[in-house]
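Structural overview
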Amino acid sequence: MIKRFLSSTATVPETTQVPRHIAIIMDGNGRWAKKRLMPRVAGHAQGVERVRDVVEACIRRGVGYLTLFAFSSENWRRPQDEVSRLMELFVMALEREVERMADNGVRLKVVGDLSRFEPRLRELITQGEARTAANTRLTVTVCANYGGRWDILNAMNAWRREHPDATEIGEAELAPYLSMAYAPEPDLFIRTGGEQRVSNFLLWQLAYSELYFTDTLWPDFDAKALDQAITSYRKRERRFGRTSEQLLER
Ligand code: IPE
Ligand code: IPE
Ligand code: MG
């Protein structure tokens, strides 16, 4: 049985020096390329390189879960050419990186509505997940054709199918049906690229995550930038509705 994590808002999780789970909106690829008079897709290609660096930095720092927003359910609205190039990059990244992940003890998961992807991409996802399924060092989740609202509705519909006669559902009943039920909720949320919004990322799971926004564009985000985010996280007091005094009593 997969271990299901209940909402972190119910109990105060152990505060660790390094976040157990970091979730990142990797934004700013297009602007990075534009500044260099390059096509937007060059920024996406550079962004893939940073994914490799950040995965390795997370392994070295003992982060347990890294979740990356790669393609949102809204990104289909981009020009057809950019969408196609993004899909090609995804295929290439899976072809190239899965072996390295497997060797590094990384477990790969891809979440989102994968039904809209080409068969070749879906096949690589299935193979990559299977190849790395037994790894435990770091779980890397790639959110692809993912939307937070989709996730909640998908969970709700799955629950209803299994409980046709039930009328009400509670948080604890819904949580196991969400696409990231295998992971604790993110401790630290990072968005690069300067925008300060959630853009339909993990809406349910971010309820009590610490938020960190940086102007650094994703293709410039390196291990040092990750450490700055972790340093900021360490200074936070996570109260989950309680008072500072109550936290001291624990
Ligand atoms: C994020 O970079 C990557 C994806 C959404 C796939 P953008 O492509 O959104 O970069 P900007 O925001 O235009 O700079
Ligand atoms: C969010 O970035 C999605 C990903 C990083 C994959 P966008 O650049 O698409 O976000 P908005 O639409 O500007 O908020
Ligand atoms: Mg953007």
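Residues numbered from 1 in each chain as written. Chains lettered and ligands numbered in written order. Predicted model: local features only at pLDDT ≥ 70, side-chain atom pairs only at ≥ 80, totals over all residues. Heavy atoms only, no water.

**Brief notes about the sheet that holds strand β1 (residues 21–25)**
Which entries qualify depends on this criterion: Note: two strands are recorded as paired if DSSP finds a minimum of 2 bridges between them. Numbering of helices and strands runs from the N terminus; a helix is a DSSP stretch of H or I covering at least four residues, while a strand is a stretch of E covering at least two. To get an axis, a line is fitted to the C-alpha atoms, and for a helix only the part in contact is used. The angle between two axes follows their N-to-C directions and goes from 0 to 180 degrees. Here a residue-residue contact requires only that any non-hydrogen atoms of the pair lie within 4.5 Å.
Taken in spatial order, the six strands of this open sheet run β3-β4-β2-β1-β5-β6, and their pairing is parallel. Whereas interior strands pair on both sides, the edge strands pair on one side only; in this sheet they are β3 (106–111) and β6 (210–213). Adjacent strand axes in the sheet meet at a mean angle of 20° when their direction is disregarded. Against the sheet, helix α3 (residues 80–103) engages β2 (65–72), β3 and β4 (138–146), with an angle of about 155° to β3.

**Section: the site of ligand 2**
Note the cut-off: Throughout, near means a residue has at least one heavy atom within 4 Å of the molecule or strand. Counting of polar contacts relies on pairs of N or O atoms within 3.5 Å, with two restrictions inside protein: one atom must be capable of donating a hydrogen and the other of accepting it, and residues adjacent in sequence are counted only when both atoms are side-chain atoms. To measure how exposed things are, a 1.4 Å probe is used in the Shrake-Rupley method; for residues, cover is taken only from the protein chains shown. For this classification, Asp, Glu, Lys and Arg are treated as charged, while Ala, Val, Leu, Ile, Met, Phe, Trp, Tyr, Cys and Pro are nonpolar and the rest, including Gly, are polar.
Within the structure, ligand 2 sits among I25, M26, D27, F69, A70, F71, S72, N75, R78, R191, R197 and S199. Within the side chain of D27, one N or O atom sits 3.1 Å away from an oxygen atom of ligand 2. When ligand 2 sits alone it has 390 Å² of accessible area, and the protein chains cover 78% of it. Broken down by element, the residue count for the shell around ligand 2 peaks at four residues, all from β2. Classifying every residue of the shell around ligand 2 gives five nonpolar, three polar and four charged.

**Topic: the site of ligand 1**
The environment of ligand 1 is made up of M26, D27, G28, N29, G30, R31, R40, H44, A70, N75, R78 and L86. Between ligand 1 and R31 there is a distance of 2.7 Å, counted from an oxygen atom to a side-chain nitrogen or oxygen. In the model, an oxygen atom of ligand 1 is placed 2.8 Å from a nitrogen or oxygen of the R40 side chain. Burial of ligand 1 by the surrounding chains reaches 87%, relative to a free accessible area of 380 Å². Broken down by secondary-structure element, the contributors of at least two residues to the shell around ligand 1 are α1 (29–35) and α2 (40–61). A total of three residues in the shell around ligand 1 trace back to one element, the largest contributor, which is α1. Residue composition of the shell around ligand 1, grouped by class: three nonpolar, five polar and four charged.

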